[in-house]
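Chain by chain, the residues run as shown.
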Amino acid sequence: MITTLCRFMHDERRLSLPLLEKLFAAEFTLVARRPGEEFSISDHQSELAGDPDAMAAHLGRFAAVHDGELTLGFAGQPVLRFAYGDNWRVTVDFDFFERGRLDLPRIQEKLFELFEMEDFERFMDLGTGFLARAVGEPFHYELRQNKAPFLVGDLRDYRLVLRLVDIPAYLKMVFFLVRQGDPLLFVRSPLDILKLADQAQDAIRYMADAYEEKGLTLGIEYNQETVFRCGRDVKPSLGARFGATALQIDALARILKSAWPGRGE
């Protein structure tokens, strides 16, 4: 998996390297660690551009089997921890929810300064491009809080299936981000609200188009029910403005009801 990822980032370096350079120039770090050794990708990104197999070899030393991990940090704070191996499995730990160490408003402000809608589109192109290259591999990832997964993703041929396995934990994450964030950074007037709505619509449409163009389908499930789909072979249910997307309102209502049992009856 690491070799495939490094080669893909090298092949798509006109998209990937400018995004990495923006991150690393703005107090973000990406550091691999294991007992007794550390490797900073931000200090060696030229290897990703010139010799992706060497970069893959470096990162391979920090796989989970070697007690290694990859940490995304900001201004000295750990933000996300990634553990990976040779079996196409990745875990992403959101430890800051439990420890309360994240300076979210500062990170929001920095990301707002760094990235525009065009950058989101580049991220989406990279993400769907990597998934298309990984088709046929047992790609699996978990997003976790306190070492317990709340969202699990599996690539099944040309379909990426995201399963919400812990709704309360997921909502806890959402509420944490809303509560700790700074909404005034994005919304200062009613016109800003309309602008955000337009940007959200454009983002959903671009996501649907990106999956469709790569021949992929994205599905979000809970309790074996599909809540949302977009991409290949999806009949639109949200209108032409959102592209090939479909939302199952009844399934969404059941999910929310399960998160707050006894409410709304």
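Definitions and cut-offs
- Residues numbered from 1 in each chain as written.
- Predicted model: local features only at pLDDT ≥ 70, side-chain atom pairs only at ≥ 80, totals over all residues.
- Heavy atoms only, no water.
- Helix = DSSP H or I, 4+ residues; strand = E, 2+ residues; numbered from the N terminus.
- Buried < 20%, exposed > 50% of the residue type's maximum accessible area, 1.4 Å probe, protein only.
- Contact = heavy atoms within 4.5 Å.
- Arc of directions from axis to C-beta.
- Polar contact = N/O pair within 3.5 Å; in protein donor to acceptor, adjacent residues only side chain to side chain.
- Core = buried A, V, L, I, M, F, W, Y, C linked by side-chain atoms within 4.5 Å.
- Pairing = 2+ DSSP bridges.

Glancing now at the overall build of the protein chain. Looking only at helices and strands, one finds 10 helices and 11 strands in the protein chain. A buried classification covers 43% of the 265 residues belonging to the protein chain. Pairs at least 24 apart in sequence give 56% of the contacts found in the protein chain among residues at least 6 apart.

This next bit is on helix α4 (residues 52-60). For α4, every residue scored as buried is listed here: Pro52, Met55, Ala56 and Leu59. Projected down its long axis, α4 carries its buried residues within an arc of 100°, all on one side. Buried residues in α4 make contact with α1 (2-11), β1 (28-34), β2 (37-40), α3 (45-50) and β4 (77-84).

What follows covers helix α6 (residues 104-114). Among all positions of α6, only Leu104, Ile107, Gln108, Lys110 and Leu114 are buried. Buried residues in α6, looked at end-on, bunch into an arc of 165°, giving them a common side.

With that out of the way, let us pick up the side chain of Thr128. Within the secondary structure, Thr128 is located in helix α7 (residues 117-134). By relative accessible area, which is 1% here, Thr128 ends up buried. Reaching out from Thr128, the side chain makes a polar contact with the backbone oxygen of Met124 at a distance of 2.9 Å. Dropping the residues within four chain positions of it, Thr128 is found in contact with Ala210, Tyr211, Lys214 and Leu216.

Residue placement: Thr91 occurs in strand β5 (residues 89-93). What makes Thr91 buried here is its relative accessible area of 16%. Setting aside anything within four residues of it in sequence, one finds Thr91 in contact with Arg81, Phe82, Ala83, Glu142 and Arg144.

With that out of the way, let us pick up unusual backbone geometry. With the exception of glycine, most residues fall at negative phi, and the peptide bonds are largely trans. Although it is not a glycine, Trp88 adopts a positive phi angle of roughly 65°. Residues other than glycine seldom take positive phi values, yet Asp233 does so here, at roughly 65°. Secondary-structure assignment places Asp233 in the loop between β10 (225-231) and β11 (245-247). Residue Asp233 is classed as exposed on the basis of its relative accessible area, which comes to 63%.

Right, let's get into the nonpolar core. Leu59, Tyr84, Phe139 and Tyr211 are the most contacted members of the largest nonpolar core, which has 65 residues in total. Residues contacting Leu59, with those up to four places away along its chain left out, are Ile2, Cys6, Ala32, Phe39, Ile41 and Tyr84.

The next point concerns the pairing of strand β8 (residues 159-164). Sheet topology note: the strand β7 (residues 148-156)/β8 ladder contains six bridges and is antiparallel. By the bridge assignment, Asp154 is partnered in β8 with Val161. Two strands pair when backbone bridges link them, and β8 and strand β9 (residues 217-222) are joined in this way by five bridges, in the parallel orientation. Across the sheet, residue Leu162 finds its bridge partner in β9, namely Ile220.

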